[in-house]
Amino acid sequence: MIRRRHLPALIPAIGAALAPGARAASEREAPGALMRGTAAFGVRVSVNARGTAFICGAGAETASPASPVLRAWSIAPWREMAVLTGLRGPAADAAFSPRREEVGFVTTEGLLGLWTPGSAEPARQLAQHPKGYSRLVWLPSGDQLLTFDQSGWARLWDRSSGSLIRSFDTGTKEIQSIALCPQGRYLALATYSGTLGVWDLAEPGREPWRAPRGSIAGFAFHQRSGRLFMALQEGSLVAWTPGSTVPPQLVGALDAAGALAPWGEDRLLVIGSRCGVFDVARGARLPSFDIGWDNITSLAELPGSADLLVATTVGHGEDAVGRFSTTEQRMLREAAPAASRIKALAVLPDGSGVLTATRQVSLWSASEGRLLRRESGHVNLVQGLAAAHDSRSVFSIGQDERVGVTELGAPGGTHAVRPGLDMFDGIAAAPLSNEFATAGIMSGLVVWDGAGRRLRLRPDKPGIGALSVAYAPNGRRLVLGLTDGEVMVYDTRSWQIERRFWASRTGAAQAFAFAPDGERLLIADGGSDALIVEFPSGRPIQVLTGHASAPRVVAWSPLGPVIATGAEDGAVYLWNVGTMRPRHRLHAHEGAVTGAAFSPDGQVLYSTSEDGTLALWRVTDGRLLARIISLRTGEELIVYEEGRAIWTTAPDDHAVWALPSVQGPSGRSIVPRVLQAPRPVAQLLST
């Protein structure tokens, strides 16, 4: 994953590389499928044999850089059910066995093993596998696994003994899709370049059958007959019987070419936002259905139902998984890492509410943690949030190049999303008006008001964009952080550049926080430290050293002497401004910290993370007061304390910050599953 600190080196080349380079990267993420032995690479899901649980394979952020994990989710009820920790590196691929309640997985560091979700037993290691982004497929019997490494070698493993049965060189590198016939004898592999080969696993050394180069958009084995169906780019559907000398035969026409997946015994799906359906027995097209999601990368049929489990990549490595009803033609539930990944945090200036952003903007009661409202409109993850000075409006920017404005003060509230100019990276609200400013790599600085875009200013440097923006407390100045590390200071009355200084010669200013007096500016520059500069001169005053990984977010307490930083490894630091030594290193997040903000009275620090957690800290001693995880669309929230899942909310999202604690078996404080009356934050701060 490319972090923001890598962007300064990439930005000058974006303009020139956007055409061929970006298109090539996009083409390498073509949609595919995972259903009954068919796997395509990207975000993919695997369902157990009973249809009660699923996991997300590689591409779905199953592991964080700081703490690699593999997660399993329950389908009914729809919630996270188990987490496997202790992996050596991220999970490169994972899939449920077709016969057993166990998961086979392989990591980028070469750990090949088995895991039974729900058990406390650690993963059983089968063998040491070559490092890299390997792929894994179970044979239909569930007694053997096939893995494929980046060099094109295939390896067949015995599940019981963990021994290597055989290996062979497919000569097929950069594998895009895999399919096994229902009997497990024939293996089909497709590459990103468009070639398709079929191997006989009984004679793996034999030359494979090769399909016409570049003509195949998707393929899948028919479950009943074992024939291989191929969708050609021009929209034809052809079928071939493995082992036969008869060439592929035309069997029908498709509305549009695309990746194929078997559905039931006699139907094929052409995967897309609108999924085409082909009846193999009748040789006819059936009415298609509209899933409504773009970039679908994986489909899994849920046994005993007419529902599909659908995975999508929505851009920039983000993903989502949903349960789609083919009879009701709608998405029943949505959940998974991206839907729960919190990308931004803001606190209302009057202290009444806390805002978090996933693909939706959620407003929580600051006293109880109760969900007050949730707004949709962005079609991708919300990248940033800002609250107006009067706490009546909320501004949001998304990776969908849209800008959202939510009016909290209107009866019932209003929410509007308007087209933006860029995939904005930074947002800030003016302290004395209802203006707000956005920073974008392509657009530079844009100033907005209630009527829309009011002003646009681009940096006077070719190929240099903006990453971050902040208003001074008095609203008379605005700072803009550029991708090359320079900071521009604007006079907000004339919008002329008043001063320029360098935040860092090695990184870009990715986050700002002003001291309450406006005379000092805290900067996170993407390196291992954060620094405080005199404002507006930019003269360095102090450097905050001691982060274990790069700080991504910064906050300055309204009371003055305390600041907070949040790092990529999930740690949150509280610092004394005078000594520049960390008072506390706080641990509540597995993923990178994406937000840190103080309450207006300076007593509480809120932090959010890409792992989906929202944490509440007492500033005086760094105590973790409460934590909510998996803030996602759907019917449930999961509340954590001391690292354990302890309670799920009712469908009305009746969550609270403070929960009565008891002593668990290990002596650690946990929360009983029966929730009693909520305890307000004020009571927690006094205990």
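Residues numbered from 1 in each chain as written. Predicted model: local features only at pLDDT ≥ 70, side-chain atom pairs only at ≥ 80, totals over all residues. Heavy atoms only, no water.

## Remarks on the overall build of the protein
Of regular secondary structure, the protein possesses 4 helices and 61 strands. Of all 687 residues assigned to the protein, the portion counted as buried reaches 59%. Of the contacts formed within the protein by residues at least 6 apart in sequence, a portion of 42% connects residues at least 24 apart. Surface summary for the protein: the accessible area is close to 26,700 Å², and the carbon and sulfur share equals 49%. (Helix = DSSP H or I, 4+ residues; strand = E, 2+ residues; numbered from the N terminus. Buried < 20%, exposed > 50% of the residue type's maximum accessible area, 1.4 Å probe, protein only. Contact = heavy atoms within 4.5 Å. Areas by Shrake-Rupley, 256 points an atom, 1.4 Å probe, with all protein chains shown as cover.)

## Remarks on the pairing of strand β38 (residues 426-429)
Taking every second residue as pointing to the same face, both faces of β38 are buried, with Gly-426 and Ala-428 on one and Ile-427 and Ala-429 on the other. Relative to strand β39 (residues 436-440), β38 runs antiparallel, the two being bridged by 4 bridges. Bridging across to β39, Ala-429 finds its partner in Phe-436. Linking two consecutive strands that pair antiparallel, namely β38 and β39, is a turn of 6 residues. (Pairing = 2+ DSSP bridges.)

## Examining empty space enclosed by the protein
This structure, assessed with the given rule, holds 1 cavity of 30 Å³ or more. When contributions to the lining of the largest cavity are tallied by element, the ones reaching two or more residues are β32 (361-365) and β33 (371-375). In terms of residue count, β32 provides more of the lining of the largest cavity than any other element does, 3 residues in total. Residues that form the lining of the largest cavity fall into these classes: 5 nonpolar, 2 polar and 2 charged. (1 Å grid on protein atoms, 1.4 Å probe; cavity = no way out; pocket = protein on both sides within 12 Å on 5 of 7 lines; lining within 4 Å. Points joined across faces, edges and corners; volume = space filled by probe spheres on them. Nonpolar A, V, L, I, M, F, W, Y, C, P; charged D, E, K, R; others polar.)

## Section: unusual backbone geometry
Trans is the common state for peptide bonds, and a negative phi is the common state for residues other than glycine. Here the amide bond leading from Phe-535 into Pro-536 is cis, since omega sits at 10 degrees, within 30 degrees of zero. With respect to the element layout, Pro-536 can be found in the loop between β48 (530-534) and β49 (540-544). The phi angle at Ser-391 is positive, at roughly 65 degrees, despite the residue not being glycine.

## Observations concerning the pattern of salt bridges
Under the criterion given, the structure shown has 27 salt bridges. Among the ionic pairs, Arg-224 bridges to Asp-266, the shortest N-O distance being 2.8 Å. Separated by 42 residues along the polypeptide, Arg-224 in the loop between β18 (216-221) and β19 (228-232) and Asp-266 in the loop between β22 (260-263) and β23 (267-270) bring together distant segments of the chain. In this structure, a network of salt bridges that share partners links the residues Asp-460, Lys-461, Asp-484, Glu-486 and Arg-500. (Salt bridge = Lys/Arg side-chain N within 4 Å of Asp/Glu carboxyl O.)

## Points about the sheet that holds strand β13 (residues 164-169)
If you trace the 4 strands from one edge of the open sheet to the other, you get β10-β11-β12-β13, paired in antiparallel fashion. Each edge of the sheet is formed by a strand with only one pairing partner; in this case those strands are β10 (135-138) and β13. Averaged over all adjacent pairs, the angle separating strand axes in this sheet is 20 degrees, with direction ignored. Where strand β12 (residues 153-158) lies against β13, 5 bridges are found, and the strand directions are antiparallel. When the sheet's bridge partners are listed, Ala-154 is paired in β13 with Phe-168. (Axes fitted to C-alpha atoms, helices over the stretch in contact; angles between N-to-C directions.)

## Digging into the sheet that holds β19
Across the sheet, which stays open at both edges, the 4 strands sit in the order β18-β19-β20-β21 with antiparallel pairing between neighbours. Both edges of this open sheet fall to β18 and β21 (249-253), since each of them pairs with a single strand only. Across the sheet, the axes of successive neighbouring strands diverge by a mean angle of 25 degrees, strand direction being ignored. Two strands pair when backbone bridges link them, and β19 and strand β20 (residues 236-240) are joined in this way by 4 bridges, in the antiparallel orientation. Within the sheet, the bridge partner assigned to Ala-231 lies in β20 and is Leu-237.

## Here we look at the packing of aromatic side chains
Scanning all chains against the criterion turns up 9 aromatic pairs. Pairing Phe-395 with Phe-436 gives two aromatic rings, centres 4.2 Å apart and planes at 15 degrees, and the pair type is stacked. A residue pair is termed long-range when its members are at least 10 positions apart, and Phe-395 in strand β35 (residues 393-398) and Phe-436 in strand β39 qualify at 41 residues. Judged by relative accessible area, Phe-395 falls into the buried class, the value being 3%. Its relative accessible area of 0% is what places Phe-436 among the buried residues. Arranged with centres 6.0 Å apart and planes meeting at 5 degrees, the rings of Phe-436 and Trp-448 form a pair that is stacked. One end of the pair, Phe-436, is in strand β39; the other, Trp-448, is in strand β40 (residues 444-449), and 12 residues separate them in sequence. For Trp-448, a relative accessible area of 2% puts it in the buried group. (Phe/Tyr/Trp six-rings, centres within 6.5 Å; stacked < 30°, edge-to-face > 60°.)

## Description of the environment of Ser-468
The residue Ser-468 is located in strand β42 (residues 466-471) in this model. Looking at Ser-468, the relative accessible area reads 3%, which means it is buried. Between the alpha carbons of Ser-468 and Ile-441 there is a distance of 9.6 Å; along the sequence they are 27 residues apart. Contacts of Ser-468, omitting those with residues within four sequence positions, involve Gly-426, Ala-439, Val-479, Leu-480, Gly-481, Ala-509, Gln-510, Ala-511 and Phe-512.

## Re the environment of Pro-600
Following the sequence through the fold, Pro-600 ends up in the loop between β54 (593-598) and β55 (604-609). Looking at Pro-600, the relative accessible area reads 37%, which means it is partly exposed. Separated by 248 residues in sequence, Pro-600 and Ser-352 place their C-alpha atoms 9.5 Å apart.

## Side note on the confidence of the model for the protein
Here the protein shows a mean pLDDT of 79. Residues at 70 or above account for 80%. This model gives residues 59-66 a pLDDT under 50, and the stretch forms 24 contacts once residues within four places in sequence are excluded. Contacts for the low-pLDDT stretch residues 630-677, under 50 throughout, to residues beyond four places or in other chains number 138 contacts. (pLDDT = per-residue confidence, 0-100.)

## What to know about the side chain of Arg-373
Relative to the assigned elements, Arg-373 resides in strand β33. Judged by its relative accessible area of 16%, Arg-373 is buried. For Arg-373, the side chain forms a polar contact with the side chain of Glu-375, separated by 2.2 Å. (Polar contact = N/O pair within 3.5 Å; in protein donor to acceptor, adjacent residues only side chain to side chain.)

## Focus: the environment of Glu-486
For Glu-486, the location among the structural elements is in strand β44 (residues 486-491). Separated by 17 residues in the primary sequence, Glu-486 and Ala-503 have C-alpha atoms spaced 5.8 Å apart. Among all residues touching Glu-486, those that are not within four sequence positions of it are Lys-461, Leu-480, Gly-481, Arg-500, Phe-501 and Trp-502. Within the local environment of Glu-486, its side chain forms a polar contact with the side chain of Arg-500, the two groups lying 3.0 Å apart.

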